[in-house]
Amino acid sequence: MIVDVDIQSSSNEPVPTEADLRTWLTAAVASQSRRERVEISLRLVDTEEMSRLNARYRGKQGPTNVLSFPADLPAQIDVPLLGDIVICAPVVRREAAAQGKALDAHWAHMAVHGALHLLGHEHEQPGEADAMEALETDILRQLDFPCPYAGSDADP
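Residues numbered from 1 in each chain as written. Predicted model: local features only at pLDDT ≥ 70, side-chain atom pairs only at ≥ 80, totals over all residues. Heavy atoms only, no water.

Undergrad: Talk me through the packing of helix α1 (residues 18-32) against helix α4 (residues 103-118); I want residue IDs and the actual numbers.
TA: The angle between the axes and the distance between the axes are what describe a pair of packed helices. Between α1 and α4, the shortest axis-to-axis distance is 9 Å and the interhelical angle comes to 40°. With respect to their mutual orientation, α1 and α4 come out oblique. Viewed along their axes, α1 and α4 form a crossing whose handedness is right-handed. Between α1, through Leu 21, Trp 24, Leu 25, Ala 28, Val 29 and Gln 32, and α4, the contact on the second element is made entirely by Asp 104, Trp 107, Ala 108, Ala 111, Val 112, Ala 115 and Leu 116. In terms of residue class, the contact of α1 with α4 is built from 11 nonpolar, 1 polar and 1 charged. (Axes fitted to C-alpha atoms, helices over the stretch in contact; angles between N-to-C directions. Helix = DSSP H or I, 4+ residues; strand = E, 2+ residues; numbered from the N terminus. Parallel < 35°, antiparallel > 145°, perpendicular 65-115°, else oblique. Left-handed = near helix turned anticlockwise from the far one by under 90°. Contact = heavy atoms within 4.5 Å. Nonpolar A, V, L, I, M, F, W, Y, C, P; charged D, E, K, R; others polar.)

Undergrad: I'd like a description of the packing of helix α3 (residues 89-99) against α4, backed by residues and values.
TA: The N-to-C vectors of α3 and α4 enclose an angle of 125°; their axes lie 9 Å apart at closest approach. In terms of their interaxial angle, α3 and α4 are classed as oblique. Relative to α4, the crossing made by α3 is right-handed. Contact with α3, carried on its side by Ala 89, Val 92, Arg 93, Glu 95, Ala 96 and Gln 99, involves Leu 103, His 106, Trp 107 and Met 110 of α4 and no other residues of that element. Partitioning the contact of α3 with α4 into residue classes produces 6 nonpolar, 2 polar and 2 charged.

Undergrad: Give me the lowdown on the packing of aromatic side chains, citing residues and values where you can.
TA: Taken as a whole and assessed by the stated rule, the structure comprises 2 aromatic pairs. Here Trp 24 and Phe 145 contribute two aromatic rings whose centre-to-centre distance is 6.0 Å and whose plane-to-plane angle is 75°, an arrangement assigned as edge-to-face. Taken together, the positions of Trp 24 in helix α1 and Phe 145 in the segment after α5 (126-142) put the pair 121 residues apart, joining distant regions of the chain. Across this residue pair, the class does not change: Trp 24 and Phe 145 are buried. Judged by centre distance (5.0 Å) and plane angle (70°), the ring pair of Tyr 57 and Phe 69 falls under edge-to-face. (Phe/Tyr/Trp six-rings, centres within 6.5 Å; stacked < 30°, edge-to-face > 60°. Buried < 20%, exposed > 50% of the residue type's maximum accessible area, 1.4 Å probe, protein only.)

Next comes the structure, spelled out in structure tokens:
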């Protein structure tokens, strides 16, 4: 499987390497997609930009950790675009510290979480949440990261 990732960063915060981000996204997509090739756009932002996006697309005030925008293309358009993911670097840093997690582990979780949303996974309903969390945990363990939900009430 080929996962092409276009990474843009407008964040003033330190962010993971492009290689790490690509590895994490590829692991998530490869676990769920049978396509030979997909394209993802990943944007790393600060709180101001994420707050604007969260208000516009979710009607919620303030920044969130990750937003996903699956490509909504007509069936007759056959392109490998999976969609866009936006991750807020300051929120990821603050959450990792508050939850006592390694920063790279939380970044990996947000990348995997965002990719799974692009693939149609949701967590609004209890059954959906359990299934998505199990998938995230499995993918992250394959990447040598601990369970992101151990000892945490956090909801990405």
